[in-house]
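Understanding the architecture of this molecule
So the chains spell out like this:
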Amino acid sequence: MGKTFYITTPIYYVNARPHIGHAYTTIACDTIARRHRMLGDDTWFLTGTDEHGQKIERAAQAAGKTPQQFTDEISAQFRALWDRMGLTYDDFIRTTSPRHQHGVQALWRKIRDNGYIYKGTYTGQYCVSDELYVDAEPGAPCPDCGRITETVHEENYYFKLSAFQDQLIRLYTEQPDFIRPETRRNEVLSFVRSGLRDLSISRSTFSWGIPVPDDPKHVVYVWLDALANYITALGYGSRDTAKYDKYWPADVHMIGKEIVRFHCVYWPAFLLAAGLPLPRGITAHGWLLFEESKMSKSRGNIARAETIVDVLGTDALRYFLLREVVFGQDGSFSFDALVQRYNSDLANGLGNLASRTLTMIGRYFKGEVPYPSHAAHSAADDVIANAAKKVIADYGQLFDQYQFSRALEMAWGLVAAVDKYIVENEPWSLGEKQDENSRARLATVLYTSAEALRIVTALAHPVIPDATAKIWAQLGLGDIGKFDLKQLQWGQLRLGTKLGEVQAVFPRTDKSAVVRMQKMEEQNGAAGVAPVEPSEARPMPASAASSSVPAKPAAVIPDGKISIDDFAKVELRVAQVKTAERVKGADKLLRLEVDLGSEVRQLVAGIAEAYAPETLIGRKVVIVANLAPRKLRGLESNGMIVAASPEGGKPVLASFLEDVPLGTRLK
Ligand code: MSP
C-alpha cells in the first residue's frame, strides 16, 4: 500500500430528500477516492448526515414526526441513493449515532479543559436556515441568505474564537493551498482580518442536539457538532482510535461554497483549541443551478439523481457534472444538456469507439488483439501514440488539481483523434483485402485504436466506473479494479489478448429521454412529500449562468385557461402570523413574520387598511410561498398573503374553518 488518503463530503442536512446538488459533492469525492484507490493509496472516503439543530427539529414537526423518526427516514434515503448510484464511501456517519455523540463530547471537554470555553449571555439574532449567529437588527433579514432572523436571548457557552485570529491568518498565508480555490481563500482571509468575535457554541432553548458535558440543559451548537464528524467517524474520543491515528488529518474536506466560513475558520480554530492536527486542505466547489437558481426543494427547481439513474444509468450524471461544470464555479444543469452530452461524448464518443474497435477485432482477428507490424507502420500511428502519452502525463495532474472538466476534455480529445484516425485509415476497406500488407496495416490500425481505448478507459474509470469496467472486460483485461493506474503506459496491451463479449455500453438516446425525465420529476414534485428547505433559498447573483430548460410539449388549452401544471407552479401554503406591525410612511402596508412550520418568513402585505396589526397575531393565513422575493419600502417580502379583494372594498384574508398544520400545501 502507498500513502493514506482521507476525503470527506459535508454531512447533509436531513431536512429534505437528496437532490443532484447533494449528489454533485458526493460524486466528486467518489471520483477522487476511486482514483486514489487505483493509484494504490490506502483511501478512506467519509460521508453522512447532519441531523441535529433547530432547522431539523422544525422540519420534523412540520412533517408530523418525531425528530428521530424523521431523521432516520431521510438519512436512510441519502444512504440508499448513494448505494444505488454505486458511490464507494467507506463510512457513513450520522450525527445522532452514539459514536458521534461521544466523540463530540470528548472534543468539547478537550477544548474546555484547554481553557477555550466560557459561559456568557447571548442576545442577538440567529438565522435558523443557516444555523448561524448573525449581526443584524431584530426582525432584519440574515445578511447571508436573506431569510428573516430570530431574536435569541440565552445563557450560552462561548468559544474563544478571537484567540485564534493571528494563528488562522498565519495558516492561510503560510499554507496557501489550505483553502482552494483562491477566490475562497481571499474571502476567508479578509473575513478573518476584519476581526473575529467569540462564538456561542451551545443552545438552551430547544433540545434536539448533543448535551453539553456536565451541563445537559444545553445542547452543543449544531456546527460544532457537525464539523466534529470528520474525526468522530474515525473513532476520535473512543477506545478504538486506530482509524483516527491512521487517516487524520484529512487530505481534503470537499464542500459547497456556502459553508466555507464554517470549515475554514471555525473548524481549524476548534482543532487548534483542542490541540489536534488540521486538515491538509479544504476545497469549495460552486453551485449547481437549475432554471437559473440554486437547486433547492423550496424553489421547486430540483432534479433527482434517481430519475437520471433510471433513464441513463449511473455514469451519465457523473460524467456530465464533472465534464460540464468547471469545478469551483457555478454550473447549470438541464436534462437537455445532460442528454446532449451523453449522446455526443458517451454514446457517440467513447461507446462508439469501443464498439467499432472491438467489433472489428472480433470480425477480422477472431477476437484476439492483433500484432502491430513495423513494416506497416505509419506516422499517423505515432500521432495517436504520442497523444496518448501526453494524455497519460497531463490528465493526472489536471485531475489532482480538481480540474476535472479539462482532464476529461483532454481524454476525449484522444477519443476524437482515434475516431478520425479510424475514419482516415479505413480498417473496413483493409479488412476486405487478403494481401499481407493490408492485413499488417489492419492489425496496426486496430492495435493502435484498442490501445488508445484502453488508456482512456483506465483514466476515465474513476469518473464513469460502470461503463469502463465493462469496456475493460471486453478488452479481455479482466477486473479493472485490480489495475494499478501508476503503471499505465502506452504499449501495454498484450498481443493475442482474447477479447470478452462485445456489447454496447452507452446505448444512444434521444429527446424522449428528456421528456421522460421531466415527467418523472413533475410526478415527484406533485407528490410534494418533502418539507421546505430554507437554507438554500439564497438570492443568486444576476450574473448566474442560465440553464436551457427544454420547452414542454405544447398542450391544447382553451383560451383563457391554464393547465394543471401551470397551477402546480404556484405554491400555496398555510402559515401563521407571528409578528405584525405597520410600515412607517406606508398607510396600506404591514410587515408580517409568518411561521410556515419549518421556517419563519418576512412578508410585506397591503392589508393595513383592513386589519389592525394586533388582530392578526396567531391567525392562520394562506401565502404564495414560492414567489420571488421583492422589496417594498426597503423591506424584503418573501411571499404574498392571499386575500379576496372586492372591487373598491377592503381585502379579506383567506382562512380555514378546520385546523390545518402549518406549512400544509393547498392544491
Ligand atoms: N449540514 C451542513 C454541512 C455540515 S458539514 C460539517 C450543510 N448541509 S446541506 O445539506 O445544506 O448542504 C451540504 C452540501 O451539499 C453543500 O455544501 C454542497 O456541497 C452540496 N449542495 C447542496 N445543494 C447544492 C447545489 N445546488 N449545488 C451544489 N452543491 C450543493 O450545509
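Higher on the page you've got the structure.
As the structure is a prediction and not an experimental result, all values here were calculated from the model.

One pass over the full model with this rule turns up 41 salt bridges. Between Arg304 and Glu521 there is a salt bridge, and its shortest N-O distance comes to 3.2 Å. Separated by 217 residues along the polypeptide, Arg304 in the loop between strand 16 (293–294) and helix 11 (305–312) and Glu521 in helix 19 (residues 511–527) bring together distant segments of the chain. As far as burial versus exposure is concerned, Arg304 and Glu521 are alike and both buried. Between Arg441 and Asp381 there is a salt bridge, with its nearest N and O atoms 3.0 Å apart. Remark: Asp381 occurs in helix 14 (residues 379–400) and Arg441 occurs in helix 17 (residues 436–460); sequence separation between them is 60 residues. Here Arg441 matches Asp381 in class, with each residue buried. Each of Arg17, Arg304, Glu306 and Glu521 takes part in a single network of salt bridges with overlapping partners.

We now examine the site of the ligand. Lining the immediate environment of the ligand, one finds 27 residues, of which Ile11, Thr25, Asp50, Glu258 and Leu288 sit closest. The contact in question runs from a nitrogen atom of the ligand to an N or O atom on the side chain of Asp50, over 2.7 Å. At a separation of 3.0 Å, an oxygen atom of the ligand approaches a polar side-chain atom of Glu258. When the ligand sits alone it has 660 Å² of accessible area, and the protein chains cover 99% of it. Contributions of two or more residues to the shell around the ligand are made by strand 2 (12–13), helix 1 (20–38), helix 7 (222–227), helix 8 (229–232) and strand 13 (252–256). No other element matches the 4 residues that helix 1 contributes to the shell around the ligand. Broken down by class, the residue content of the shell around the ligand amounts to 14 nonpolar, 9 polar and 4 charged.

Before going further, it helps to spend a moment on the state of the cysteines. If you walk through the whole model with that rule in mind, you get 0 disulfides. The closest cysteine sulfur to the non-disulfide-bonded Cys142 is located on Cys127, 3.7 Å from its own sulfur. Using a relative accessible area of 3% as the deciding quantity, one classes Cys142 as buried. Cysteine Cys145 is unpaired, with the sulfur of Cys127 as its nearest cysteine sulfur at 3.7 Å.

Let us look at the side chain of His19. Mapped onto the elements, His19 comes out in the loop between strand 2 and helix 1. Within the local environment of His19, its side chain forms a polar contact with the backbone nitrogen of Gly21, the two atoms lying 2.9 Å apart.

A few words on unusual backbone geometry. Each neighbour pair has its own omega, and for Arg180 with Pro181 the value is -5°, a cis peptide bond. When you line up the elements, Pro181 lands in the loop between strand 8 (179–180) and helix 6 (182–193). With an omega of 5°, the peptide bond running from Trp248 to Pro249 counts as cis. Residue placement: Pro249 occurs in the loop between helix 9 (242–247) and strand 13. The phi dihedral of Asp214 falls on the positive side, at around 65°, and the residue is not glycine.

A separate point is the environment of Tyr118. For Tyr118, the location among the structural elements is in strand 5 (residues 117–127). Note on Tyr118: relative accessible area 31%, which makes it partly exposed. Residues Tyr118 and Phe335, 217 residues apart in the sequence, show an inter-C-alpha distance of 52 Å. Apart from residues no more than four positions distant in its own chain, Tyr118 is found in contact with Asn156, Tyr157, Tyr158, Lys160 and Asp198. Engagement of the side chain of Tyr118 in a polar contact is seen with the side chain of Asp198, the distance being 2.5 Å.

By size, the foremost hydrophobic cluster in this structure holds 190 residues, and its most contacted members are Phe333 and Trp412. For this core, the leading source of residues is helix 13 (residues 335–365), giving 15 residues.

Now for the layout of surface pockets. One number sums up the size of the second largest pocket: a volume of about 520 Å³. Tyr133, Val134, Asp135, Arg197 and Tyr266 are, among the 23 residues lining the second largest pocket, the residues nearest its centre. Breaking the lining of the second largest pocket down by element, the ones donating at least two residues are strand 5, strand 6 (132–134), strand 9 (199–200) and helix 10 (260–274). Considering every element that reaches the lining of the second largest pocket, the biggest residue donor is strand 5, with 4 residues. Here the lining of the second largest pocket is composed, by residue class, of 12 nonpolar, 6 polar and 5 charged.

Calculation notes
Residues numbered from 1 in each chain as written. Predicted model: local features only at pLDDT ≥ 70, side-chain atom pairs only at ≥ 80, totals over all residues. Heavy atoms only, no water. Salt bridge = Lys/Arg side-chain N within 4 Å of Asp/Glu carboxyl O. Helix = DSSP H or I, 4+ residues; strand = E, 2+ residues; numbered from the N terminus. Buried < 20%, exposed > 50% of the residue type's maximum accessible area, 1.4 Å probe, protein only. Near = heavy atom within 4 Å. Polar contact = N/O pair within 3.5 Å; in protein donor to acceptor, adjacent residues only side chain to side chain. Areas by Shrake-Rupley, 256 points an atom, 1.4 Å probe, with all protein chains shown as cover. Nonpolar A, V, L, I, M, F, W, Y, C, P; charged D, E, K, R; others polar. Disulfide = S-S within 2.5 Å. Contact = heavy atoms within 4.5 Å. Core = buried A, V, L, I, M, F, W, Y, C linked by side-chain atoms within 4.5 Å. 1 Å grid on protein atoms, 1.4 Å probe; cavity = no way out; pocket = protein on both sides within 12 Å on 5 of 7 lines; lining within 4 Å. Points joined across faces, edges and corners; volume = space filled by probe spheres on them.

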